[in-house]
Amino acid sequence: MFDGLTERLSGVFERLGGRGVLSEKDIDEALREVRVALLEADVALPVVKDFISKAKELAAGEAVIRSVKPADQVVKIVYDGLVDMLGGEQPTGLNLALNPPSVILMAGLQGSGKTTTTGKLALRLSKTERKKVLVASLDTRRPAAMEQLATLAKQVEVESLPIVAGQSPVDIARRAVQAAKLGGHDIVILDTAGRTHIDEPLMVEMAEIKAKSKPHEILLVADSLTGQDAVNLARNFDERVGI
């Protein structure tokens, strides 16, 4: 996707670069190509419309028209717009509690990579952030899900909540938070079972887990190949449990 977007945009900018002065028609044609490139890269239409609208307004400004190299100015406008679209340059850290333990709840569809992401996040927090981390699997449905997280925890050298057969996800969440408090952990990560927003019993269960564990962060894990449907997925989870 990014290779195709890069190739398309590079062609647009090369054509612009050959012109000393840009007319409004030149800018419109260039932004039309940018629009097509973004749509072909599976960027959502409302996002593309907003992006093009802002870029057109900036590209038609006095600073660009009177610039020595107007084409370079347009390239910069598009570049800055893409950076902003992808989240900007300011890093956003996790919302951690002033009084530990901080509770992080992992949510998402089945097979989206929650357990693997839990292991990666635990590794980063323990090694880079120097936090004492406890991970707990609340997935009582998928075979060997709990054992998988325990194995990952061992690999990244963090503690995992001991498995107790027969407990409900809500009870495991309560036990994990209590264990984190007693064990002096800075962070406890709760790895939930995969669910869809239309699976009412599982969404009710998620709400109960949230109520019992009082998470400081709820992180949605989505497959990078989900495409535009990730927006609907995020919106639906946010409406039900908040992310």
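Remember, predicted model here, so these are calculated numbers, not experimental data.

Parameters and conventions
- Residues numbered from 1 in each chain as written.
- Predicted model: local features only at pLDDT ≥ 70, side-chain atom pairs only at ≥ 80, totals over all residues.
- Heavy atoms only, no water.
- Helix = DSSP H or I, 4+ residues; strand = E, 2+ residues; numbered from the N terminus.
- Buried < 20%, exposed > 50% of the residue type's maximum accessible area, 1.4 Å probe, protein only.
- Contact = heavy atoms within 4.5 Å.
- Areas by Shrake-Rupley, 256 points an atom, 1.4 Å probe, with all protein chains shown as cover.
- Polar contact = N/O pair within 3.5 Å; in protein donor to acceptor, adjacent residues only side chain to side chain.
- Pairing = 2+ DSSP bridges.
- Axes fitted to C-alpha atoms, helices over the stretch in contact; angles between N-to-C directions.
- Parallel < 35°, antiparallel > 145°, perpendicular 65-115°, else oblique.
- Left-handed = near helix turned anticlockwise from the far one by under 90°.
- Nonpolar A, V, L, I, M, F, W, Y, C, P; charged D, E, K, R; others polar.
- Right-handed = clockwise from strand over helix to strand, strands pointing away.

**Q** Would you mind going over the overall build of the protein with me for this structure?
**A** Counting secondary structure elements, the protein contains 10 helices and 5 strands. Put simply, the protein has 243 residues, and 38% of those count as buried. Looking at the protein alone, contacts between residues at least 24 apart form 70% of all its contacts between residues at least 6 apart. When the accessible area of the protein is evaluated, it comes to approximately 14,000 Å², of which 53% is carbon and sulfur surface.

**Q** Could you clarify how one ought to interpret the environment of Val204 in this entry?
**A** Relative to the assigned elements, Val204 resides in helix α9 (residues 200-213). Spatially, the C-alpha atoms of Val204 and Val241 are 9.2 Å apart, while their sequence positions differ by 37 residues.

**Q** Even after reading the chapter, I still don't get the side chain of Thr192, so can you show me in this structure?
**A** When you line up the elements, Thr192 lands in the loop between β4 (187-191) and α9. Residue classification places Thr192 among the buried residues on the basis of a relative accessible area of 2%. Polar contacts involving the side chain of Thr192 include one to the main-chain carbonyl oxygen of Met106, which spans 2.5 Å. Not counting residues within four places of it along the chain, the set of residues in contact with Thr192 comprises Leu105, Met106, Ala107, Lys114, Leu138, Asp139, Met206 and Ile209.

**Q** Just checking my understanding: could you explain unusual backbone geometry for this structure?
**A** Leave glycine aside and you will find that most residues have negative phi; peptide bonds, for their part, are mostly trans. Residue Pro100 is joined to Pro101 through a cis peptide bond whose omega torsion reads 10 degrees. Looking at the secondary structure, you find Pro101 in the loop between α5 (70-85) and β1 (102-108). Backbone geometry at Arg130 places phi at a positive 60 degrees, although glycine is not the residue there. Within the fold, Arg130 resides in the loop between α6 (114-127) and β2 (133-137). Under the relative-accessibility criterion, Arg130 is labelled exposed at 68%.

**Q** Is there a simple way to think about the pairing of β4 in this case?
**A** Along any regular strand the residues' side chains alternate between the sheet's two faces. Burial within β4 is extensive, with 5 of its 5 residues counted as buried. The sheet contact formed by β1 and β4 spans 5 bridges and is parallel. Looking at the pairing, Ile104 lines up with Ile189 of β4. Pairing geometry for β2 and β4, over 5 bridges, is parallel. Opposite Val133, over in β4, you have Ile187 as the bridge partner.

**Q** Please clarify how the environment of Thr140 should be interpreted in this entry.
**A** By the element assignment, Thr140 lies in the loop between β2 and α7 (145-156). A relative accessible area of 39% places Thr140 in the partly exposed class. Taking the C-alpha atoms as reference points, Thr140 and Ser168, separated by 28 residues in sequence, lie 7.3 Å from one another. Contacts of Thr140, omitting those with residues within four sequence positions, involve Met146, Gln167, Pro169 and Ile172.

**Q** What is the right way to look at the packing of helix α2 (residues 24-40) against helix α3 (residues 45-59) in this model?
**A** What describes two packed helices is the angle between their axes and the distance between those same axes. The N-to-C vectors of α2 and α3 enclose an angle of 160 degrees; their axes lie 10 Å apart at closest approach. It follows that α2 is roughly antiparallel to α3 by the angle criterion. Along this stretch, α2 crosses α3, giving a crossing that reads as right-handed. Residues Ile27, Asp28, Leu31, Val34, Arg35, Leu38 and Leu39 of α2 pack against Leu45, Val48, Phe51, Ile52, Ala55, Lys56 and Ala59 of α3.

**Q** What is the right way to read the packing of helix α8 (residues 169-183) against α9 from this model?
**A** One can describe the packing of α8 onto α9 by two numbers: an axis separation of 9 Å at closest approach and a directional angle of 20 degrees. On the basis of the axis angle, α8 is roughly parallel to α9. The handedness of the crossing between α8 and α9 comes out as right-handed. Within the contact between the two elements, α8 uses Pro169, Val170, Ala173, Arg174 and Val177 and α9 uses Glu205, Glu208, Ile209, Lys212 and Ser213. Residue composition of the contact of α8 with α9, by class: 5 nonpolar, 1 polar and 4 charged.

**Q** For this particular structure, what's the right way to read the pairing of β2?
**A** Taking burial as the measure, the 5 residues of β2 include 5 buried ones, the bulk of the element. The side-chain alternation of β2 yields two buried faces, one formed by Val133, Val135 and Ser137 and the other by Leu134 and Ala136. The parallel pair β2 and strand β3 (residues 159-160) is bridged by α7, and the resulting crossover is right-handed.

Nothing here speaks to function; it is geometry throughout.
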